[in-house]
Amino acid sequence: MTSGQLALFNADAFPEPEPCGTTVVSWGLGADSTAIILRFLENPTAYGLRADLSDLIVITAHTGMEWPDSIALAEQHVLPLLRAHRVRYVQIARGGASIAQCGVEVLSDTRSPTRIHASGRWSLLLDLRESGTVPMYGGARLCSVRAKGEPLDLWFAQNMADPYRHVVGFEHGELGRARVDSSFAKPGRRPWYPLINWTWDRPRLLAYLEDRLGVLYPKSFCWACPYPVSAGSLPDHMARSKRFPAQIAEAAMLEYTAQALNPLFTLYAKSSLREELHRAGNTAALDLLAHRLDTEPWSVYEVRRVLTPGRSDHCKLWHGLRCALCLKLAENAAVLPSEWARCKDCQTIRGHRCQRRDPLCSDSERKGTIWRSVRRVGTLTRRQACGSLERFASRPGRELEHTASGVPGYAFGFDRLVTVQRGGSFPAVERQFVAAPAAVPSKARGGFETAWRSAAGLAAAAAAAGERSAEGLLTGV
């Protein structure tokens, strides 16, 4: 962030809200929110709280992928203080894959907390494992939205009727994150970022915690998080991984399966987790991963993708978030884009997007939305799955592609057979078969088959009709 941006987003841009009936602290178990809690406990009235802290709620939304040392430190140092001050502590988790259908699971709601619940029925680990993906290192942090943001929003909607102060532990150097968070308007919510108001950066708050608790508090993030690399804390992350090889091996297992289905799905932008563990000399984690790959069930997957064309410059100029009807109205009025308004329908629909009714809205040189279908065939050993794929690839005109391990001494490579190559323009389709751990169930986005037929056309349909069925892979196993 530049000095000019810092001037725009200084502490004055996030004033402390007036005291409300309730103050809720989002506690992620890490140093930032822990420092805020301790300071509140030391002098409640200085921060608009009642002396008995009866108006304070601490809440944690669990991902199910928290480091063991974060849990241990919270139980050892913070829970005793919450019990002593009779502070209400609520622990929640997403109730299932669909927040609308499954709601929020309340793991604990008490003024005498004794333990941190590591996970609920749903966990981010289960979600990533079944989807065959890893957290993305670019764009929105959708994993955090699913595991924390949506459950917290629903709990607040169900339990907070009056205005309340919502305390979030963004440091003084995270003004951009605070600006984004404050843009989400929720009924009754008054966001508050005390560390920014106090101008506390990480060294300041770590020194405060060490003085109060006698320990150096670690940063709280999931053990499969990709951000330690971009945040410059990879050495600390690798050191922590050596202390907890089972957790980081689980992350490496997620990455391996995801990369088998899509070679681009590495945990980090320029390397894989396996390669970073090798550079760090973490043979314990690599050995655990190798053992799991050799002993857990495998399968053969058919993976198909439809890649739609992206939006054209014409579409972005005329539509933005508007629909084709707006374009028609503007054209009929013969006015410049800067002078016409949204149609009545668009005015009442938040976030409405162009429906591509106009052929000029699509650009065949730009990649748009990707649709994926995954079909899992059989439950086999690793040797059987790889053998089935080799036999399938032995037919004339086919060639098995092998991607090298990347880690010397370990069988971490991939075998795949591509039967439909992606074209150079969009829409495009691709189809491949790959052997991988049997963690991902068969699934496809609704309407995938229609999209596939439409994008593939008669040529791809004819090629698909001539392919041997996926079930035929199991013949002779």
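Residues numbered from 1 in each chain as written. Predicted model: local features only at pLDDT ≥ 70, side-chain atom pairs only at ≥ 80, totals over all residues. Heavy atoms only, no water.

Here we take up the nonpolar core. M65, L273, L277, Y301 and F412 are the most contacted members of the largest nonpolar core, which has 57 residues in total. The contacts of Y301, once residues within four sequence positions are left out, are L261, V374, R375, R376, Q432, F433, V434, A436, P437, A438, A439 and V440. Judged by nonpolar contacts, the second largest core, of 36 residues, contains A35, Y47, I116 and L209. (Core = buried A, V, L, I, M, F, W, Y, C linked by side-chain atoms within 4.5 Å. Buried < 20%, exposed > 50% of the residue type's maximum accessible area, 1.4 Å probe, protein only. Contact = heavy atoms within 4.5 Å.)

On the basis of which strands lie adjacent, the open sheet formed by six strands has the order β9-β10-β11-β7-β8-β12 and antiparallel pairing. This sheet does not close on itself; its edge strands, each paired only once, are β9 (401–403) and β12 (443–444). As defined by bridge partners, β9 adjoins strand β10 (residues 414–420) across three bridges and the pair is classed as antiparallel. Bridging from a neighbouring strand, H402 pairs with D415 of β10. Its contacts with the sheet put helix α12 (residues 245–261) on β7 (298–311), β8 (362–380), β10 and β11 (428–437), and the angle it makes with β11 is roughly 140°. (Pairing = 2+ DSSP bridges. Helix = DSSP H or I, 4+ residues; strand = E, 2+ residues; numbered from the N terminus. Axes fitted to C-alpha atoms, helices over the stretch in contact; angles between N-to-C directions.)

This part is about the environment of Q259. With respect to the helices, strands and loops of the structure, Q259 is situated in helix α12. Relative accessible area serves as the criterion here: at 11%, Q259 is assigned to the buried category. Note: C-alpha distance between Q259 and T133 (126 residues apart in sequence) is 8.0 Å. When near neighbours in sequence (up to four residues on either side) are disregarded, Q259 contacts F265, T266, S272, R274, F414 and R416.

With that settled, the discussion passes to the side chain of H62. The residue H62 is located in the loop between β2 (56–61) and α3 (68–84) in this model. At 2.8 Å, the side chain of H62 forms a polar contact with the side chain of Q91. Among all residues touching H62, those that are not within four sequence positions of it are L29, Y89, Q91, I92, A93, L107, I116, H117, A118 and A147. (Polar contact = N/O pair within 3.5 Å; in protein donor to acceptor, adjacent residues only side chain to side chain.)

Our focus in this paragraph is the packing of aromatic side chains. This structure, assessed with the given rule, holds 17 aromatic pairs. Relative to W198, the ring of Y47 lies with its centre 5.5 Å away and its plane at 50°, an arrangement referred to as tilted. Linking Y47 in the loop between α2 (31–42) and β2 with W198 in the loop between α8 (194–197) and α9 (202–213), this pair joins segments that are 151 residues apart in sequence. The two residues Y47 and W198 agree in class, both being buried. Taking the centre distance of 5.8 Å and the plane angle of 70° together, the rings of W155 and F156 count as edge-to-face. Each member of the pair, W155 as well as F156, carries the same accessibility label: buried. An aromatic cluster of three or more residues is present, and its members are F40, Y47, W192, W198, W200 and Y208. Lying across the ring of W198, R39 places its NZ or CZ 4.4 Å from the centre. In this arrangement the basic side chain of R240 is found over the ring face of F221, its NZ or CZ atom lying 5.5 Å from the centre. (Phe/Tyr/Trp six-rings, centres within 6.5 Å; stacked < 30°, edge-to-face > 60°. Lys NZ or Arg CZ within 6 Å of the ring centre and 35° of its normal.)

Bringing the packing of α12 against helix α14 (residues 283–295) into the picture now. Where α12 contacts α14, the axes come no closer than 8 Å and their chain directions differ by 50°. When the axes of α12 and α14 are compared, the pair comes out oblique. As for the relative orientation of α12 and α14, their crossing is right-handed in sense. Where α12 approaches α14, its residues P245, A246, I248, A249, E250, A252, M253 and Y256 are matched on the opposing element by A284, A285, L288, L289, R292 and L293. Tallied by class, residues from the contact of α12 with α14 come to 12 nonpolar, no polar and two charged. (Parallel < 35°, antiparallel > 145°, perpendicular 65-115°, else oblique. Left-handed = near helix turned anticlockwise from the far one by under 90°. Nonpolar A, V, L, I, M, F, W, Y, C, P; charged D, E, K, R; others polar.)

Take the confidence of the model for the protein chain next. Residues with a pLDDT of 70 or more make up 82% of the protein chain, whose mean pLDDT is 85. The model gives residues 1–11 a pLDDT under 50, and that stretch makes 12 contacts with residues more than four places away or in other chains. Counting contacts from residues 335–340, a segment whose pLDDT is below 50, to residues more than four positions away or on other chains yields nine contacts. (pLDDT = per-residue confidence, 0-100.)

Here S123 is to be found in the loop between β4 (104–110) and α5 (124–131). A relative accessible area of 9% places S123 in the buried class. The residues touching S123, leaving out its near neighbours within four places in the chain, are T63 and G64.

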